[in-house]
Structure formats: C-alpha cells, structure tokens
Amino acid sequence: LNTYNLLKTLFLRGFFLLNYWLNFSIYVFEHAMKTFSLKKSDIKKKWVLIDAKDAVLGRLAVISANILRGKNKPEYTPNQDCGDNLIIINSDKIHLKGKKADNKIYYRHTGYPGGIKETTPNKMKEKNKSDEIIKLAIKRMIPKGPLGRQQLSNCIIYRDENHKHEAQNPFIIDIASMNKKNKI
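Below you will find a few notes about this structure. Since the model is a prediction, treat every value here as computed from it, not as a measurement.

The rules behind the values
- Residues numbered from 1 in each chain as written.
- Predicted model: local features only at pLDDT ≥ 70, side-chain atom pairs only at ≥ 80, totals over all residues.
- Heavy atoms only, no water.
- Helix = DSSP H or I, 4+ residues; strand = E, 2+ residues; numbered from the N terminus.
- Expected span 1.5 Å × (residues − 1).
- Buried < 20%, exposed > 50% of the residue type's maximum accessible area, 1.4 Å probe, protein only.
- Polar contact = N/O pair within 3.5 Å; in protein donor to acceptor, adjacent residues only side chain to side chain.
- Arc of directions from axis to C-beta.
- Contact = heavy atoms within 4.5 Å.
- Patch = residues over 30% accessible without salt bridge, like charges linked within 9 Å, V, L, I, M, F, W, Y side chains within 5 Å.
- Areas by Shrake-Rupley, 256 points an atom, 1.4 Å probe, with all protein chains shown as cover.
- Salt bridge = Lys/Arg side-chain N within 4 Å of Asp/Glu carboxyl O.
- Pairing = 2+ DSSP bridges.
- Axes fitted to C-alpha atoms, helices over the stretch in contact; angles between N-to-C directions.

The next thing to look at is helix α2 (residues 57-69). Over its 13 residues, α2 extends 18 Å from the first C-alpha to the last, a length consistent with the 18 Å expected when each residue adds 1.5 Å. Of the residues making up α2, those classed as buried are L57, L60, A61, I63, S64, A65, I67, L68 and R69. A positive backbone phi angle near 90° is found at G70, which sits one or two residues after α2.

Take a look at the structure:
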C-alpha cells in the first residue's frame, strides 16, 4: 500500500512537472522576441559637433566614444559601424582634473631597442598636439580591431573653432547641459 501511494505521488508530480515544462516551453517559443540586427544599407550617419572648450578630458572621451560607436542610438548593432561622424573643436582648451596634466605619462616605442619615449599632456599641448590627447583618450575607449579603427576614423578634431564641415549642418551637442561635471 505504501509503495503504491509513493508511485502514485511520484507519477502525479512527474506528470505535473512534465505538463508544466511543456506548457511553459510552448509559451516561450510562441512569444519569443526576435533580435534586431542593423544592415549596412540601413545605416544613416549624421554629423555631430562638440565644443571641447573647458571640457574635462575623460568625460568628453566617454561621450565621444559612445557617439562614434552608435551606442546612443536604439538600433545599435555591435558588429556594424552605425555611429555618427564627430567633429570636436577647441581641443587646445581641454582640461584634465587634478595633477594629471603634469603626472599623466603617455608612452610610445620607436621600434628600436631601448626606444621607449614618454611625454605628458602639458608637453603635448606645448607642441600643438592637443588633438592627439583627445584622440588617444577616445581610442582607448573603443574596441581594438578593424571595426574600432574604422569608427575612430569618423572623428575629426580641430585645435580651434574653425572647421570645414559647415556644409554637413552638424548637430551641436552641449556637454555642459548633460552634467555639470563635464565642464570646469
């Protein structure tokens, strides 16, 4: 009698679990979402302008990298270059917080033995390479590889207010209005 009741309960429980699993799996397969993937022919690139005057370098780089990758768009696709073209002006007037302007060190190597070179952001500004400071910060926030290099090539940086992209009617983004910490 005990074994009969045990088998009966196991069968009923098993049947209930099987029935639950079948109903649940049917529900899931009927209501599954389709993953949207953007095609290359559907990509529409806009032109965006950011003024870097009194901007904090890291915050500017994050905003720029997201625009270049297209992560600010609802149709973002990781394996496509769906980001916008970016123009950054006034790169000479960029700021670094704290003592980073003197203490941060950029390394590069010439390719020869013992050929490691180092420089600081202040030295780069003296040599009129402030656009390279922003380019390096953005480059390090974009994935490495062919797609990342293609996305970085959509970024054009100018040291002053003059740029030659007026015909594209760039959309101006005010990063100070996004967060008060974005500007000094």
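Following the structure, the description resumes.
Structurally, D84 is set in the loop between α2 and β2 (85-89). Since its relative accessible area comes to 2%, D84 is described here as buried. Polar contacts involving the side chain of D84 include one to the side chain of K73, which spans 2.8 Å.

As a further point, take helix α5 (residues 130-139). Of the positions making up α5, those classed as buried are S130, I133, I134, A137 and I138. For α5, the arc enclosing every buried residue in end-on projection is 125°, short of the 170-degree limit, so these residues lie on one face. Elements that come into contact with the buried residues of α5 comprise α2, β2, β3 (106-109), α4 (121-126), α6 (146-152) and β5 (155-157).

A separate point is the side chain of D81. Its location among the elements puts D81 in the loop between α2 and β2. Polar side-chain contacts of D81 include one of 3.3 Å to the side chain of K45. Of the polar contacts made by the side chain of D81, one reaches the side chain of N154; its length is 3.1 Å. Once residues within four sequence positions are removed from consideration, D81 is found in contact with I43, K45, L68, L147, Q150, Q151 and N154.

Right, let's talk about unusual backbone geometry for a bit. For N90, which is not glycine, the phi dihedral falls at a positive 60°. In this structure, N90 sits in the loop between β2 and α3 (100-103). Unlike most non-glycine residues, N128 shows phi in positive territory, near 60°. Within the secondary structure, N128 sits in the loop between α4 and α5.

With that out of the way, let us pick up the environment of R69. You can see R69 is positioned in helix α2. With 79 residues separating them along the chain, R69 and G148 place their C-alpha atoms 8.2 Å apart. Beyond its immediate chain neighbours, meaning those up to four positions away, R69 contacts Y76, C82, G83, I142, P143 and Q151. Side chain to side chain, R69 and Y76 meet in a polar contact 2.8 Å long.

The grouping of I105, Y107 and I116 at the surface amounts to a nonpolar patch, some 310 Å² of accessible area in total. By the secondary structure assignment, I116 is in strand β4 (residues 116-119). By relative accessible area, which is 54% here, I116 ends up exposed.

Right, let's get into the sheet that holds strand β6 (residues 171-173). In space, the four strands of this open sheet follow the order β5-β2-β1-β6, with parallel pairing throughout. Single-partner strands in this sheet number two, and they are β5 and β6. On average, each strand axis in the sheet is inclined to that of its neighbour by 25°, with strand direction left out of account. Sheet topology note: the strand β1 (residues 47-51)/β2 ladder contains five bridges and is parallel. Bridging from a neighbouring strand, D51 pairs with I89 of β2. Contacts between α5 and the sheet are confined to β2 and β5, with β5 contributing the most and set at about 155° to the helix.

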